[in-house]
Amino acid sequence: MKPYLNFGVFNRIKDYRSFEKVAVVFDTIEWEAGVDLDPEFVYDHCKKALP
């Protein structure tokens, strides 16, 4: 996540206390600050990270 924390709404979770307030809701990663990650985005980025 670190490369994304300086862009758009992700600034809201840059602070560790905000970042740690996270939950999985219907396959989506959501933060209390109103930020979420689409499951397809997560899948694609994890897939690229595999050797």
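Residues numbered from 1 in each chain as written. Predicted model: local features only at pLDDT ≥ 70, side-chain atom pairs only at ≥ 80, totals over all residues. Heavy atoms only, no water.

Secondary structure summary: the protein chain contains two helices and three strands in total. Its helices and strands in sequence order give the protein chain the pattern α-β-β-β-α, from N to C terminus. Each principal axis of the C-alpha atoms in the protein chain carries an extent, and together these give about 30 × 25 × 15 Å. In the protein chain, the share of contacts with a sequence separation of at least 24, taken over all contacts with a separation of at least 6, comes to 18%. About 4,300 Å² of surface is accessible on the protein chain, with carbon and sulfur atoms providing 57% of the total. Charged side chains of the protein chain number 7 positive and 9 negative; the gap between the two group centres comes to 10 Å. (Helix = DSSP H or I, 4+ residues; strand = E, 2+ residues; numbered from the N terminus. Contact = heavy atoms within 4.5 Å. Areas by Shrake-Rupley, 256 points an atom, 1.4 Å probe, with all protein chains shown as cover. Lys, Arg positive; Asp, Glu negative; His and termini not counted. Charge placed at Lys NZ, Arg CZ, Asp CG, Glu CD.)

Our focus in this paragraph is the pairing of strand E1 (residues 22-25). The pairing of E1 with strand E2 (residues 28-31) spans four bridges and is classified as antiparallel. Pairing of Val 24 across the sheet is with Ile 29, part of E2. In textbook terms, the turn of a hairpin is the stretch between consecutive antiparallel strands, and for E1 and E2 this stretch comprises two residues, one of which, Phe 26, has a positive phi near 50°. (Pairing = 2+ DSSP bridges.)

The next thing to look at is unusual backbone geometry. Notably, Phe 26 is not glycine yet its phi reads approximately 50°, a positive angle. With respect to the secondary-structure elements, Phe 26 resides in the loop between E1 and E2. Even without glycine at this site, Asp 27 takes up a positive phi of about 70°. In this fold, Asp 27 is placed in the loop between E1 and E2.

A separate point is the confidence of the model for the protein chain. The predicted model of the protein chain averages 88 in pLDDT, with 98% of residues at 70 or higher. Between the elements of the protein chain, mean pLDDT differs from a low of 82, seen in helix H2 (residues 39-49), to a high of 94, seen in E1. (pLDDT = per-residue confidence, 0-100.)

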